[in-house]
Amino acid sequence: MHDTGQARPADPMTEVFESQRDRLRAVAHRVLGSHADAEDVVQEAWLRLSRQDATATGNTADIANLAGWLTTVVARISLDILRTRRARTEVLLDDRLPEFVVTPDDGPAPEEDAVLADSVGLALLVVLESLRPSERLAFVLHDLFAVPFDEIGKILGRSTDAAKMLASRARRKVRATERPAGAGRERREVVQAFLAAARRGDFEELLRLLDPEVKLTVDTPTGVVVVLGATKVAGGARLSSGAGVLGRAVLVNGLPGFVSWHQDGTPLSVLAFTVTEGRIAAITAFVDPAKLARMDLPDPA
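Just so we're clear, the structure is a prediction, and the values are computed from it rather than from any experiment.

A. Highlighting the packing of helix 1 (residues 12-32) against helix 6 (residues 133-144). As a packed pair, helix 1 and helix 6 sit with axes 9 Å apart at the nearest point and diverge in direction by 140°. With respect to helix 6, the axis of helix 1 lies oblique. Note that helix 1 runs across helix 6; the crossing there is right-handed. Where helix 1 approaches helix 6, its residues V27, H29, R30, V31 and L32 are matched on the opposing element by R136, L137, V140, L141 and L144.

See the structure below:
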């Protein structure tokens, strides 16, 4: 056959999908917090679009708003994944946690606001992880990607007003991580009370201080393990309460935290706490010895 040298016209469906790929990936990543899962979701959306095209009239003309259709598909797949995670007590994630910057916490100081300002991105990611699936989806789609509430309601199987309420509830939790006057002191007190209860093995006090749907994320040598629910987290805190010999309060990317060391001075763990509405909504823990050895940690108090 003779090659005319002329490029074949691009498939309109492929063109639209590729033009939306980055946005779809961003939506999935914000909802799921995992780059690997986001890539899988976008690929599944492409497969569903291809099947839709094959079963229709040979093109995507039946989909009036293809970009909106793709966003809906990505959101629904992501929601299914979130709900599956919530149904399990532990999950292993492909992504590693971001690096944390650990600084001594000597109490409230004028320069602390600057430290917190630098860590807004991480704080948002952490608090998003603490939201319920429907809250997280509503907040991410509306506040971060301007998806109308009526469309969000359809994705969630809720009314428009219910979708607004979910996003509002999530927004309050996100705003609770911001820095009103006196918030730092109150959060420190909650974290200190939690650590004291863990040392005593006071299960009831631990439950009082933990949000019922608290999320514990632990960066281990073999991956990132997530434990969900106050009962599970409180039980683990009681079991590990006697492991640390030395410890001191720190700021971990601006969040209240705690570092513990073995008796010989080698790091045991780094904890970061997200406190919302007077309860601990999320805890992130580094226990990987190799990663701890690379961290620039303060000296034991």
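The structure having been displayed, the exposition proceeds.
B. Seen up close, unusual backbone geometry. Positive phi outside glycine occurs at A146, with the angle close to 55°. Along the chain, A146 falls in the loop between helix 6 and helix 7 (149-156). A positive phi is found at E277, a non-glycine position, where the angle reads about 55°. Relative to the helices and strands, E277 is located in the loop between strand 7 (267-276) and strand 8 (279-286). By relative accessible area, E277 is classed as exposed at 61%.

C. Local environment of the packing of aromatic side chains. Counting across every chain of the model gives 2 aromatic pairs. Residues F194 and F273 carry aromatic rings whose centres are separated by 5.6 Å and whose planes lie at 65° to one another, so their mutual orientation is edge-to-face. Separated by 79 residues along the polypeptide, F194 in helix 9 (residues 183-200) and F273 in strand 7 bring together distant segments of the chain. For the pair F194 and F273, a shared accessibility class is recorded, and that class is buried.

D. Spotlight on helix 1. The terminal C-alpha atoms of helix 1, which comprises 21 residues, lie 29 Å apart, in line with the 30 Å expected from a rise of 1.5 Å per residue. Largest kink in helix 1: about 50°, centred on R21. Among the residues of helix 1, those classed as buried are M13, F17, Q20, L24, V27, A28, V31 and L32. Two residues or fewer after helix 1 comes G33, characterised by a positive phi angle close to 70°.

E. Local environment of the packing of helix 6 against helix 8 (residues 160-175). Where helix 6 contacts helix 8, the axes come no closer than 8 Å and their chain directions differ by 90°. Viewed along their axes, helix 6 and helix 8 adopt a mutual orientation that is roughly perpendicular. The segment helix 6 lies against helix 8, with S134, E135, A138, F139, H142 and D143 engaging A163, L166, A167, R169, A170, R171, K173 and V174. For the contact of helix 6 with helix 8, the per-class residue count stands at 7 nonpolar, 2 polar and 5 charged.

F. Here's a closer look at the nonpolar core. V31, V74, L137, L141, I152 and L156 are the most contacted members of the largest nonpolar core, which totals 38 residues. Taken together, the elements giving at least two residues each to this core come down to helix 1, helix 2 (35-55), helix 3 (66-86), helix 6, helix 7 and helix 8. In terms of residue count, helix 3 provides more of this core than any other element does, 8 residues in total. In this structure L141 touches V27, T71, A75, A146, V147, I152 and I155, once residues within four positions along its chain are discounted. Counting 24 residues, the second-largest nonpolar core is a separate cluster that includes V190, L209, A237 and I280.

G. Layout of the side chain of S78. Mapping S78 onto the fold places it in helix 3. For S78, a relative accessible area of 0% puts it in the buried group. Not counting chain neighbours up to four residues away, the residues in contact with S78 comprise A28, V31, L32 and V41.

H. Focus on the pairing of strand 5 (residues 246-252). Bridge analysis of strand 5 against strand 6 (residues 255-261) gives 7 bridges, and the strand direction is antiparallel. Residue pairing for strand 6: G247 is matched across the bridge by S260.

Cut-offs used in this document
- Residues numbered from 1 in each chain as written.
- Predicted model: local features only at pLDDT ≥ 70, side-chain atom pairs only at ≥ 80, totals over all residues.
- Heavy atoms only, no water.
- Axes fitted to C-alpha atoms, helices over the stretch in contact; angles between N-to-C directions.
- Helix = DSSP H or I, 4+ residues; strand = E, 2+ residues; numbered from the N terminus.
- Parallel < 35°, antiparallel > 145°, perpendicular 65-115°, else oblique.
- Left-handed = near helix turned anticlockwise from the far one by under 90°.
- Contact = heavy atoms within 4.5 Å.
- Buried < 20%, exposed > 50% of the residue type's maximum accessible area, 1.4 Å probe, protein only.
- Phe/Tyr/Trp six-rings, centres within 6.5 Å; stacked < 30°, edge-to-face > 60°.
- Expected span 1.5 Å × (residues − 1).
- Bend = angle between axes of the 7 residues up to and from the residue.
- Nonpolar A, V, L, I, M, F, W, Y, C, P; charged D, E, K, R; others polar.
- Core = buried A, V, L, I, M, F, W, Y, C linked by side-chain atoms within 4.5 Å.
- Pairing = 2+ DSSP bridges.

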